[in-house]
Amino acid sequence: MSTATRVPGRAIGAPLDRIDGPQKVTGTAPYAYEHHVGYPLYLYPLQSDIVRGRVAQIDASAAEALPGVILVITHENAPRLADTSDKELAILQSDEVAFRGQYVGAVVAETFEIARHAAQIIKISYDEKAHDVALRADRDDLYTPDRVSGGFPTDTEEGDFDEAFSSAAVKLDETYATPMEHNNPMEPHTTVAVWEGGDLTLYESTQGPHRVKAKVAPIFGLDPSRVRVVAPYVGGGFGSKGLPHANTILAALAARKVEGRPVKFALTRQQMFSCVGYRTPTIQRIRLGADEDGRLTAISHEVVEQTAKIKEFAEQTAIATRMMYATGSRRTTHRLAALDVPVPSWMRAPGECPGMYALEAAMDEMAIKCNLDPVEFRIRNEPEIDALTGLPYSSRNLVACLREGARRFGWEDRDPIPCVWREGRWLVGTGVASATYPVGRQPGSRVRIRCEGDGRYAVEIGAADIGTGTWTALTQISADALDVGVEVIDLKIGDTNVPFASVAGNSSGITSWGSTIFEAARAFREQHGQDPSEGDEVEAGMPENPETDNYAMHAFGAYFVEARVDADTGEVRIPRMTGVFAVGNIINPKTARSQFIGGMTMGLGMALHEESLVDPRFGHVVNHDFAEYHIPTNADVGEMDIVWIEEEDPYVNPMGSKGIGEIGIVGSSAAIANAVYHASGIRVRDLPITPDKLVQ
Amino acid sequence: MNEEEIMLRVDCEEHRIIVDTRTTLLDALRERLGNTSPKKGCDHGQCGACTVLLDGRRANSCLALAVAHDGAEIVTAEALAENGDLHPMQRSFIEHDGYQCGYCTPGQIVSAVGMLDEVEAGWPSHVTGDVSAEKISLSDAEIRERMSGNLCRCGAYANIVPAIREVADERARR
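Fair warning: this is a prediction, and the values are worked out from it, not measured in the lab.

## A closer look at a nonpolar patch on the surface
- Together, A:Ile417, A:Val420 and A:Trp421 give the surface a local cluster of nonpolar side chains, amounting to about 280 Å² of exposed area.
- Mapped onto the fold, A:Trp421 is located in the loop between helix H9 (398-409) and strand E18 (422-423).

Written out as structure tokens, the structure is:
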């Protein structure tokens, strides 16, 4: 059986309002901290204020004497963990400190105020060792990881790059840099941990309840059946909540010491900058060679980035370069510096996002060197097959996106010469960039469908909705899969009491979960027919998609941006952005559009605002709050014109859809950087493009 | 630890509670009164997720100490919906998909409601052309400027602005 036959639906494609809308607009949807638990205690963490060394002495006597303090937990009295192989999560197991801000203990008290005060009066002294937190491309200790994140090869070589580059008619050799960035979902990472009779319940802010369960159970030496994770509503994640971080372990460790009483732990915004992952800074050298006609003959993308000494995370930064454009030769490499830093992790489109910033900025520069329009230059280098796999694309409509975007935006009259369009004090320019993201697919999801009588169906899968619209989209998919109306579907997600679902990441949710729903619905109808009895149920797992052996599957897109640069102050404004996407079938146009504008808005933040600044002397992020780590505000965002082109892709999954959660941030920062160059004549190659870099 | 007894009128209901004087209005609402409609996003007045109407004006409840607001009248997003009917601003946010994860949303909506009252009262903003004008013309730039104290990491701003605009236009027609 092929999974690839698209079922024409009634609910799929409808712009339904979010079914959880009324709960969200009234604030009654329960996020992790907000589940009703009886007689909770409150946790405030103790974090190392050195980068590297050992805890020498802890004096908690004053804190322990405070009325309302129940527990001070440190490595001296913490329960031993059964599995300490993950050094990010194996906290309070020794006196060792491996990065600034690492948890060295916690206070548990009757109220948040008492816990916070107690934490402030605990005296910890350290034996401090020398540390190293500075990423530079010229370090002599860069190393080559075995693989990069996602299981991809670290380096690739296609043809003879050195020969092709040296003999190219037109050459570019530039280095681009992106800074450390923090995901900063609005809901801080949160855990409410409850131990009852050896069973652990976690109310958790997570993109993958089942992933948390699978990770936490062995750490506490528990059979997975004794761990339950509950996460019906999640206040954003963007990757940082894709895997459990040490805050989850800290809350569960502390709760174990006060068995029977729930322990609540939400990070403060400042604490969000030390222990829940971040996007690694990158230094990316790009070399492009082309012939006289502007056809690429050589592409090289060499990435230097950082990881933590305690745990490797190797971002797959150059991965999109391996397939984006046709070329005669190609080289991609990743090198890591292992530093005394917190563990980097996923942030929206890890790999593709920073990598495509560099590639698409370089493509803009190269188009100018080739004396070609940047849209035409990209179209000229459109590949026929996927260079990474040698397979044809199931669908690839980048060219259509570029052409449609150019038409909508009014690109054709553009004067390519930079810094000539001036309106008063504003220098005006426009820029373009391409986008891509693979059709993510993760194995293992399962769906249970049960007839509840009265024509209603329960559809259960432990997936997460982190704002992506899962509640609504899976309801629509369930309705079409069962050939019933959305109003008779009772979807249940966000709980490990329902069947396993893969994590909400890699833009893979709808492909993985939706395919499984279609499979379960098919099995349900096969077993129970069109008129089932109350209690009839089936459970089914995600089917294979044999077409993945035959086709490379990617989504594509293009951005067109207008930038205005204040000639005196260097302030940049972005009055309008156009995004055109080729992403297969859209499940819900209303929530899909939100995914695109959300990704592009975060891309605007990446281009102009976001940068976590580490003080190399002390190893911490100095600008660790929203007053100083700037994310886009309402006033930063102008007109957003979003469209998608018709794209029938019968191979990707039964819905004909491609993941859309991440593609909107891939390349959008490059389009802004390219527009800023066109406006000002200044090519900034290290993000973010802050005013100081434009005032010369 | 110092404690004081205070009275808060929250969403039309009176509550007498004894609070730690360090307790913020936000924590009093969430942890003492079980009203989790206002959210804690930063606890420092930098994100607006905790916005409530405090004696009729929008305020960051994380920057207010509960003890300093004895007798205050507080309205959260939960109470904007009356008798199960959503407030027009709530309906408009749903219609325009002016949210994604929903965590900043109650604050955005309360802030938008408070903001329209400020505009009606003639309060100028940073982008107001004629600050002495009796009537403020509510351009999109005005909405964006006046709503910039409410951060949305999902990036729903481009939907939030038309959601508010629709309510403002409807109000202007009445």
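Moving on from the model shown.
## A few points about helix H3 (residues 88-95) of chain B
- Inspection of H3(B) places B:Met89, B:Gln90, B:Ser92, B:Phe93 and B:Ile94 among the buried residues, and these make up the whole buried set.
- Packed against the buried residues of H3(B) are helix H1 (21-26) and helix H12 (589-608) of chain A together with helix H2 (77-80), helix H4 (105-120) and helix H6 (157-173) of chain B.
- One or two positions beyond H3(B), positive phi appears at B:Asp97, with a value near 55°.

## Considering the domain arrangement of chain A
Residues and elements named next belong to chain A.
- Along its sequence, chain A is carved into domain 1 (21-29 + 442-544) and domain 2 (384-440 + 552-696).
- The straight-line distance from the C-alpha centre of domain 1 to that of domain 2 is 33 Å.
- With 15 residues of domain 1 at the interface, the matching set in domain 2 holds 15 residues.
- Together domain 1 and domain 2 conceal approximately 1200 Å² of surface at their shared face, both sides included; 55% is due to carbon and sulfur atoms.
- Considering only the side of domain 1, the residues that lose the most area to domain 2 are Asn506, Ser507 and Thr511, jointly responsible for 43% of the buried surface there.
- Where domain 1 touches domain 2, the interface holds zero salt bridges.
- Counting residues per element, the ones that place at least two in the side of domain 1 that touches domain 2 are helix H10 (470-482) and helix H11 (509-528).
- Of the residues forming the side of domain 1 that touches domain 2, the biggest block, five residues, is contributed by H11.
- Its residues placed into classes, the side of domain 1 that touches domain 2 shows four nonpolar, 11 polar and no charged.

## Brief notes about the interface of chain A and chain B
- Counting residues at the interface gives 59 residues for chain A and 51 residues for chain B.
- Between chain A and chain B lies a buried interface of about 4300 Å² when both sides are counted; carbon and sulfur atoms form 55% of it.
- When the buried area of chain A at its contact with chain B is split by residue, A:Val25, A:Met186 and A:Asn634 rank highest and sum to 19% of it.
- Where A:Glu610 meets B:Arg153, a salt bridge forms, and the shortest distance between an N and an O atom there is 2.6 Å.
- Along the contact surface separating chain A from chain B lie 33 residue pairs in polar contact (both at pLDDT 80 or more).
- For the side of chain A that touches chain B, the elements supplying multiple residues, two or more each, are H1, helix H3 (112-120), H12 and strand E26 (639-644) of chain A.
- If one sorts the elements of the side of chain A that touches chain B by residue count, H12(A) sits on top with nine residues.
- Here the side of chain A that touches chain B is built from residues that sort into 25 nonpolar, 20 polar and 14 charged.

## Observations concerning the domain arrangement of chain B
Residue and element names in this part refer to chain B.
- One can read the domain layout of chain B as domain 1 (3-79) and domain 2 (88-173).
- Tallying the contact residues gives 17 residues for domain 1 and 16 residues for domain 2.
- Interface area, domain 1 with domain 2, both sides summed: about 1300 Å², of which 55% is carbon and sulfur.
- A per-residue breakdown of the area domain 1 buries against domain 2 is headed by Lys39, Arg58 and Ala77, which together make up 44% of the total.
- Run the count over domain 1 and domain 2 and you get one salt bridge.
- As a salt-bridge pair, Arg58 and Glu118 come within 2.9 Å of each other at their nearest N and O atoms.
- Taken together, the links from domain 1 to domain 2 amount to eight residue pairs in polar contact (both at pLDDT 80 or more).
- Those elements giving two or more residues to the side of domain 1 that touches domain 2 turn out to be strand E3 (51-54) and strand E4 (57-60).
- Counting residues per element, the side of domain 1 that touches domain 2 draws most heavily on E3, which supplies three residues.
- For the side of domain 1 that touches domain 2, the per-class residue count stands at six nonpolar, six polar and five charged.

The rules behind each value
Per chain, residues are indexed from 1 in the order of the written sequence. By the order in which they are written, chains take letters starting at A while ligands take numbers starting at 1. Restriction of local features to residues with pLDDT of at least 70 applies here, the model being predicted, together with a cutoff of 80 or more for giving and counting side-chain atom pairs; totals for whole chains, interfaces and linings are based on all residues. Just so you know, side-chain values use all the structure's heavy atoms and leave hydrogens and water out. Exposure above 30% relative accessible area and the lack of any salt bridge qualify a residue for a patch; like charges then connect within 9 Å, and the nonpolar side chains Val, Leu, Ile, Met, Phe, Trp and Tyr within 5 Å. For every accessible area listed, the method is Shrake-Rupley and the probe measures 1.4 Å; residues are considered covered only by the protein chains on display. Definition used for salt bridges: Asp or Glu carboxyl oxygen within 4 Å of a side-chain nitrogen of Lys or Arg. Runs of H or I in DSSP of at least four residues are treated as helices and runs of E of at least two as strands, each being numbered from the N terminus. Any residue under 20% of the maximum accessible area for its type is buried, any over 50% is exposed, and the rest in between are partly exposed; the area is computed with a 1.4 Å probe on protein chains only. In this analysis, two residues are considered to be in contact whenever any of their non-hydrogen atoms come within 4.5 Å of each other. Domain boundaries shown here were taken from an automatic or database domain assignment. Here the quantity called buried area is the total loss of accessible area, with a 1.4 Å probe, experienced by two parts when brought into contact, counted for both. When residue character is reported, Ala, Val, Leu, Ile, Met, Phe, Trp, Tyr, Cys and Pro are called nonpolar, Asp, Glu, Lys and Arg charged, and the others, Gly included, polar. N or O atoms closer than or at 3.5 Å make up a polar contact, with two conditions inside protein: a donor-capable atom paired with an acceptor-capable one, and, for residues adjacent in sequence, both atoms drawn from side chains.

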